[in-house]
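Analysis of the macromolecular model
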Amino acid sequence: MDIKALCEEAGLEFYDDELVSENGRKIYRVYIMKDGGVSLQDCANFSELLSPILDVEPPTDGEYSLEVSSVGLERTLKKIEHFQKSIGELVKISTKAKESIEAKLLAVDGDLISLETQEGVLKLEFSEIKKARTFILWDK
């Protein structure tokens, strides 16, 4: 099953998926994006498209619940593709060397990530990143 292609057919962009266990329940989550934002109707429509496919090709053994969701404004960056989709946004990064960085994501070139910090441009290898997420500066 190609969720990415199904998203494209529905006018959406696939971001990520995960299988989690919460309160003894298995949940298969699919995160989607769309220019201008994802609506609740987009999530419902995509869930209706995906559900019959998962009946034939389930993501796990046994019972599970399907959740289709927008990635949101503040989201985890786990893959190089996530960084590519977040160019121009503010990011918080923890490195394996225990550095904490807040910066604007400028570019992704292969596995090299360029960031604009207060000190200037910083280039960081993807493999050096422990955790990363986008964030929003909210006006007071």
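Computed from a predicted model, the values in this text were never measured in an experiment. (Residues numbered from 1 in each chain as written. Predicted model: local features only at pLDDT ≥ 70, side-chain atom pairs only at ≥ 80, totals over all residues. Heavy atoms only, no water.)

**Regarding the UniProt feature "domain: Ribosome maturation factor RimP N-terminal" (unreviewed entry) in the chain**
This is how the line gets drawn: UniProt positions are given in the numbering used here, feature names are shortened, and annotations may be inferred rather than shown by experiment. Helix numbering and strand numbering both begin at the N terminus, where a helix is a DSSP run of H or I of at least 4 residues and a strand a DSSP run of E of at least 2.
Look at the UniProt record and you will see "domain: Ribosome maturation factor RimP N-terminal" (unreviewed entry) annotated at residues 3–74. Within residues 3–74, the helical portion is 33% and the strand portion 35%, while the C-alpha atoms at the span's ends are 23 Å from each other.

**Focus on the packing of aromatic side chains**
Rules: Under the pairing criterion, centres of Phe, Tyr and Trp rings, with the six-membered ring standing for Trp, must be within 6.5 Å; the plane angle then separates stacked pairs below 30 degrees from edge-to-face pairs above 60, leaving the rest tilted. We call a residue buried when its accessible area falls under 20% of the maximum for its residue type, exposed when it is over 50%, and partly exposed in between, using a 1.4 Å probe and counting protein chains only.
Per the stated rule, a full pass over the model turns up 1 aromatic pair. Note on Phe 83 and Phe 126: the rings are 5.8 Å apart at their centroids and 85° apart in plane angle, and the pair reads as edge-to-face. With Phe 83 in helix H3 (residues 80–84) and Phe 126 in the loop between strand S7 (120–125) and strand S8 (129–135), the pair connects residues that are 43 residues apart, well separated along the chain. Overall, the relative accessible area of 0% leaves Phe 83 in the buried class. For Phe 126, a relative accessible area of 23% puts it in the partly exposed group.

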